[in-house]
Amino acid sequence: MAAGLQAVRGMNDVLPDEAAVWQRFEDTARNVFERYGYRNVRVPVVEATPLYVRSIGEHTDVVEREMYTFEDKLNGESLTLRPEATAGIVRAAIEHNLTYERPLRIWTGGPMFRHERPQKGRYRQFHQLDVEALGFPGPDVDAEQIAMLARLWLALGLSGISLMINSIGDAAERRAHRDALIAHFERHRDVLDENAKRRLHANPLRILDSKHPPLQDAIANAPRLLDQLGDASRAHFDGLRRLLDDARIAYTVNPRLVRGLDYYNRTVFEWVTDALGAQGTVAGGGRYDGLFEELGGRPTPACGFAIGVERMILLLDAQGKAQAAPLDGYVVHAGEKAGAVARQVAETLRDHGATIVVHAGGGSFKSQMKKADASGARLAIIVGDDEAAAGTVAIKHLREGGDQTAVPIADVVARFAALNTSRDEYASL
Ligand code: ATP
Ligand code: MG
């Protein structure tokens, strides 16, 4: 291929076989979200750069080095490809006064962009499904969103995804904790690496996330915000735990769980699997009660989460849940009259919900039957001019073998359904 015409590094094509799995995942997720009353919203993939700097925070990995920021050469404006969806949604909610009368449950999905080192489960263009409850003080919606994810894993047939929760408190508690952290790491200056030193005063919470081996002891002994929560934050967290217990959702309280973006407060949570190596977090979220005000809106408590779609697809694959529903039928035909009958029979079957491919491009019966086999269809419908003249077609099971059955055209729908016995297990997915 000519140089420079490949896809950009870290940005992937999703080809038809894999896209079928994406669609099954997205359909299932959309269905679950809508059963909880979450409505779809769509926002741009490009926003003015200051939106992300203000919301995500200047001293975060995302803003410091992962954003695709560029100048719009036509007017000099600084723009950024969205690294996450919450900021854009909150911007839209403020701009259109969406929570003026009542709170709002919404979801969106699509590509996000972060300039990270590409590896399994980590890409430069990746996709999220993003769910937000705007205008709810919680913790009931916090628990609702977690329950919704538990239901989604169940609907997808996935297992082994465990829930971690934590509370990172409110602004004042975080400030007090931050001062305690700075003092603590000042006492352990000798083990800090360059990154940690740089963050010590800017964003000491991020040091807790460091993988630098000599730092691990100091991290383990660092003061825990969870031990220093004020009454309101404590009650919120206890409330969440009670609601999860009531719903029989198992969780681990992980006092070290922090999230990479600055706008979070109180509840944070992650769903984690050990089936994907280092990229084990398949979904993460939490509360962001101060973000509306930070972006110039009215005080609006809110909670949300994002699912990493590529990681979900990897997990579906790893757990053998990535089969797409196969074609129901492939119609082979030879002869002019037969072609007309083939198309008419296919339309009739589609009227009844079947997925049918009609062979295109001619060729012998033998070569058409090879294509029928390769298509993965369960049944072949065979139409020759003799059959067409007699008002019949032949149906043959491609997966289970056996002879072909001659069927009068008027009976095709009923006989096709009877022969297509394995369909129900897919229809119920
Ligand atoms: P990580 O710790 O893995 O970098 P994160 O905390 O940066 O994740 P969030 O900003 O919380 O991720 O995004 C929510 C989800 O989006 C993640 O849990 C993950 O599943 C997915 N995700 C984040 N970054 C990427 C990426 N570069 N490629 C693929 N998926 C990603
Ligand atoms: Mg990250």
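Going by the structure above, here's the rest.
Residues numbered from 1 in each chain as written. Chains lettered and ligands numbered in written order. Predicted model: local features only at pLDDT ≥ 70, side-chain atom pairs only at ≥ 80, totals over all residues. Heavy atoms only, no water.

The number of helices and strands found in the chain is 16 helices and 16 strands. By principal-axis analysis of the C-alpha atoms, the chain measures approximately 90 × 55 × 45 Å. Split into buried and exposed, the 429 residues of the chain put 48% on the buried side. Sequence separation of 24 or more characterises 70% of the internal contacts of the chain that already satisfy a separation of 6 or more. For the chain, the exposed surface amounts to about 20900 Å²; the carbon and sulfur share of it is 50%. (Helix = DSSP H or I, 4+ residues; strand = E, 2+ residues; numbered from the N terminus. Buried < 20%, exposed > 50% of the residue type's maximum accessible area, 1.4 Å probe, protein only. Contact = heavy atoms within 4.5 Å. Areas by Shrake-Rupley, 256 points an atom, 1.4 Å probe, with all protein chains shown as cover.)

Below, the discussion takes up the sheet that holds strand β1 (residues 39-40). Spatially, the eight strands line up as an open sheet ordered β1-β5-β6-β11-β10-β9-β7-β8, and their pairing is mixed. Looking along the sheet, the strands with just one partner apiece sit at the ends: β1 and β8 (252-253). Looking at chain direction, β1 and strand β5 (residues 104-113) are connected through two bridges and run parallel. Residue pairing in the sheet places Arg39 in a bridge with Ile106 of β5. The strands touched by helix α5 (residues 140-156) within the sheet are β5, β6 (125-134), β7 (162-167), β9 (265-272), β10 (281-287) and β11 (302-308), with β11 carrying the most contacts at an inclination of about 20°. (Pairing = 2+ DSSP bridges. Axes fitted to C-alpha atoms, helices over the stretch in contact; angles between N-to-C directions.)

Moving on, we get to the pattern of salt bridges. Enumeration according to the criterion identifies 22 salt bridges in this entry. One salt bridge in this structure joins Asp61 and Arg199, with 2.3 Å as the shortest N-O distance. A residue pair is termed long-range when its members are at least 10 positions apart, and Asp61 in helix α3 (residues 61-66) and Arg199 in helix α7 (residues 194-202) qualify at 138 residues. In this structure, Asp61 and Arg199 share a single accessibility class: buried. Of the charged contacts in the structure, one is a salt bridge between Arg206 and Asp61, with a shortest N-O distance of 3.3 Å. In this pair, Arg206 sits in the loop between α7 and α8 (216-220) while Asp61 sits in helix α3, placing the two residues 145 residues apart along the sequence. Neither Arg206 nor Asp61 differs from the other in exposure class; each is buried. (Salt bridge = Lys/Arg side-chain N within 4 Å of Asp/Glu carboxyl O.)

Contacts to ligand 1 come from 13 residues, most closely from Arg114, Glu116, Arg122, Arg259 and Thr281. Within the contact set of ligand 1, an oxygen atom lies 3.0 Å away from a side-chain nitrogen or oxygen of Gln128. For ligand 1, an oxygen atom lies 3.1 Å from a polar atom in the side chain of Arg311. If ligand 1 stood free it would expose 590 Å²; the protein chains cover 86% of that surface. Broken down by secondary-structure element, the contributors of at least two residues to the shell around ligand 1 are β6, β10 and β11. Per-class residue counts for the shell around ligand 1 are four nonpolar, four polar and five charged. (Near = heavy atom within 4 Å. Polar contact = N/O pair within 3.5 Å; in protein donor to acceptor, adjacent residues only side chain to side chain. Nonpolar A, V, L, I, M, F, W, Y, C, P; charged D, E, K, R; others polar.)

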